[in-house]
Amino acid sequence: MNAGPIPATRAVPTQEQVIRAAAQVLCDAVAERASRTPREAAEAAWYPGHRLGSVEAIEAEIIRRRAAEPAAEAA
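As the structure is a computational prediction, the values presented were derived from the model and not from experiment. (Residues numbered from 1 in each chain as written. Predicted model: local features only at pLDDT ≥ 70, side-chain atom pairs only at ≥ 80, totals over all residues. Heavy atoms only, no water.)

### Notes on the environment of Pro 38
No. 1: Inspection of the secondary structure puts Pro 38 in helix α2 (residues 38-45).
No. 2: Pro 38 sits in the partly exposed class, given a relative accessible area of 23%.
No. 3: Each C-alpha atom, one on Pro 38 and one on Val 25, is 22 Å from the other, the two residues being 13 residues apart in sequence. (Helix = DSSP H or I, 4+ residues; strand = E, 2+ residues; numbered from the N terminus. Buried < 20%, exposed > 50% of the residue type's maximum accessible area, 1.4 Å probe, protein only.)

### Quick look at the pattern of salt bridges
No. 1: With the rule as written, the count across this model stands at seven salt bridges.
No. 2: Between Glu 61 and Arg 64 there is a salt bridge; the shortest N-O distance is 2.6 Å. Of the two residues, Glu 61 and Arg 64 are both situated in helix α3 (residues 55-74); the distance of three residues between them amounts to about one turn of the helix.
No. 3: Arg 65 serves as the salt-bridge partner of Glu 61, at 2.9 Å between the closest nitrogen and oxygen. Of the two residues, Glu 61 and Arg 65 are both situated in helix α3; the distance of four residues between them amounts to about one turn of the helix.
No. 4: Linked by salt bridges that have partners in common, Arg 39, Glu 43, Glu 56 and Glu 59 make up one network. (Salt bridge = Lys/Arg side-chain N within 4 Å of Asp/Glu carboxyl O.)

Functional significance is not addressed by these values, which are geometric in nature.
What follows is the structure, encoded as structure tokens:
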């Protein structure tokens with residue numbers, strides 16, 4: 001009775017590999033987010049009931065935060 005080929009064992013990643021992969025995913029997400037225009041980011045962030053109320057308000061907040069980022073990094 002032959003059940004077919006024996007499946008290959010899967011390599012289990014080390015904790016370091018898992019951490020590096022997670023860090024890379026996070027870095028990629030941050031870079032993608034930063035590459036969006038404030039309008040694109042606002043449209044992606046808006047949902048009914050958002051506390052800022054509108055895409056325009058979200059866009060203004062994004063612009064304000066991005067303008068403040070270099071000042072925070074310089075300090």
